[in-house]
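The lines below spell out each chain.
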Amino acid sequence: MRLFTGRVLANEPVGDGLFMLSMAAPDVAAEAEPGQFIHLRCAPPNSDDPLLRRPISVFRARDDVLWLYYDSVGRGTRYLSRLSTGDPVDCLGPLGRGFRPVRGARNVLMVGGGIGLAPLSMFADELLDDDVSVTIVAGFRTAARALDPRWLDPRVEYRVATDDGSLGHSGLVTDLVADLLDWSDHVCGCGPARMLESLVRVAGATSKPIHVSLEERMACAMGVCLSCAVRARDGVRRVCRDGPVFDARTLRDVQWRSA
Ligand SMILES: Cc1cc2nc3c(=O)[nH]c(=O)nc-3n(C[C@H](O)[C@H](O)[C@H](O)COP(=O)(O)OP(=O)(O)OC[C@H]3O[C@@H](n4cnc5c(N)ncnc54)[C@H](O)[C@@H]3O)c2cc1C
Ligand code: FES
């Protein structure tokens, strides 16, 4: 983990309000692990507003380049959406504990809600290089917000659900999970709390390992302020330091209260 300045290579719209930012980040790209995140300063150099950095997962890290897939939902991410090629990005990272391959798992099911696809994509890249089969099921509000498959490794089996039925399965992404559970021997998820709760309920009825990446609001991202704390079976866990990826069975129900 270090402070570094990335240089924007591209910052393209990839859906309604969604962007893919690629930046040159030599050394850091080689260091990043699937599921880790970068804490980005989202203010111009002459301003401290907003003061707090914003956490964004690493979508892909390859050849000295980091890719970030983000939704412009507020001040910080809107600032990011205005960055142009060559602009500097003040970064801290890579941070957190990410996804780890489960020994012997050959078929991995990944369930993503919207920008929850970001950390899953990088994990898929790593597993596919080890000849593990990966199916990603992804849920979006509508087709205009769905991630085009060209952003994913072509070896991924990619299935989409939309809330309004405008693309793929009409309904919740978790509707697609039951049919794939027998096939999978490791289940991973990232997305809204309600989606994760449903995923853990369905997949938790099996004995398969389940790992989820949480996206609690963060301040320091250094394990100090406890603003990202969630309850686990064995006590309080900091999403920024102990996660963001957790064994879902170690988390207590109370952590879904933000659903
Ligand atoms: C470990 C981690 C990884 C993340 N990875 C990504 C990613 O890859 N791509 C991406 O687009 N976003 C990601 N997020 C969420 C992202 O950090 C927030 O959307 C961002 O901080 C919002 O900042 P803002 O200033 O644009 O919005 P704000 O003005 O701070 O808030 C705007 C709206 O977004 C909501 N919001 C803010 N933070 C979160 C959050 N953490 N979860 C849910 N809602 C939130 C607020 O409640 C508010 O309604 C991640 C969060 C965490 C903790
Ligand atoms: S954000 Fe401060 S402890 Fe996690």
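Up top you'll find the structure we're talking about.
The rules behind these values
- Residues numbered from 1 in each chain as written.
- Chains lettered and ligands numbered in written order.
- Predicted model: local features only at pLDDT ≥ 70, side-chain atom pairs only at ≥ 80, totals over all residues.
- Heavy atoms only, no water.
- Helix = DSSP H or I, 4+ residues; strand = E, 2+ residues; numbered from the N terminus.
- Expected span 1.5 Å × (residues − 1).
- Buried < 20%, exposed > 50% of the residue type's maximum accessible area, 1.4 Å probe, protein only.
- Patch = residues over 30% accessible without salt bridge, like charges linked within 9 Å, V, L, I, M, F, W, Y side chains within 5 Å.
- Areas by Shrake-Rupley, 256 points an atom, 1.4 Å probe, with all protein chains shown as cover.
- Salt bridge = Lys/Arg side-chain N within 4 Å of Asp/Glu carboxyl O.
- Near = heavy atom within 4 Å.
- Polar contact = N/O pair within 3.5 Å; in protein donor to acceptor, adjacent residues only side chain to side chain.
- Nonpolar A, V, L, I, M, F, W, Y, C, P; charged D, E, K, R; others polar.
- Domains from an automatic or database assignment.
- Contact = heavy atoms within 4.5 Å.

Could you give an account of helix α3 (residues 117–129), naming the residues involved and the relevant values?
The end-to-end C-alpha separation of α3 is 18 Å, in line with the 18 Å expected for 13 residues at 1.5 Å each. Burial analysis of α3 places eleven of its 13 residues in the buried class, which makes it a mostly covered element. Buried residues of α3: Leu 117, Ala 118, Pro 119, Leu 120, Ser 121, Met 122, Phe 123, Ala 124, Asp 125, Leu 127 and Leu 128, and no others. Backbone geometry just downstream of α3 places Asp 131 in the positive-phi region, at approximately 65°.

Give me the lowdown on a nonpolar patch on the surface, citing residues and values where you can.
Taken together, the side chains of Met 1, Met 222 and Val 224 define a hydrophobic patch exposed on the protein surface, amounting to about 300 Å² of accessible area. For Val 224, the location among the structural elements is in the loop between β13 (210–213) and β14 (229–232).

For the site of ligand 1, give the residues involved together with the corresponding values.
Among the 21 residues in the neighbourhood of ligand 1, the closest are listed as Arg 54, Pro 55, Gly 76, Thr 77 and Arg 217. Measuring from a nitrogen atom of ligand 1, one finds a side-chain N or O atom of Ser 57 at 3.0 Å. Note that a nitrogen atom of ligand 1 is positioned 2.8 Å from one of the backbone N or O atoms of Glu 215. Within the complex, the protein chains bury 75% of what would otherwise be the 880 Å² of accessible surface of ligand 1. Looking at the shell around ligand 1, the elements with two or more residues in it are β4 (54–57), β6 (65–71) and α2 (75–81). Here the element with the most residues in the shell around ligand 1 is β4; it accounts for four residues. Taken together, the residues of the shell around ligand 1 sort by class into eleven nonpolar, four polar and six charged. Split by domain, the residues of the shell around ligand 1 number at least three in each of domain 1 (2–95) and domain 3 (214–259).

How would you summarise the side chain of Asn 11 if you had to cite specific residues and measurements?
You can see Asn 11 is positioned in strand β1 (residues 2–15). Polar contacts involving the side chain of Asn 11 include one to the main-chain carbonyl oxygen of Ser 81, which spans 3.5 Å. Only 3.1 Å separates the side chain of Asn 11 from the backbone oxygen of Leu 83, close enough to count as a polar contact. Setting aside chain neighbours within four positions, we find Asn 11 in contact with Phe 19, Met 20, Leu 21, Tyr 70, Leu 80, Ser 81, Arg 82 and Leu 83.

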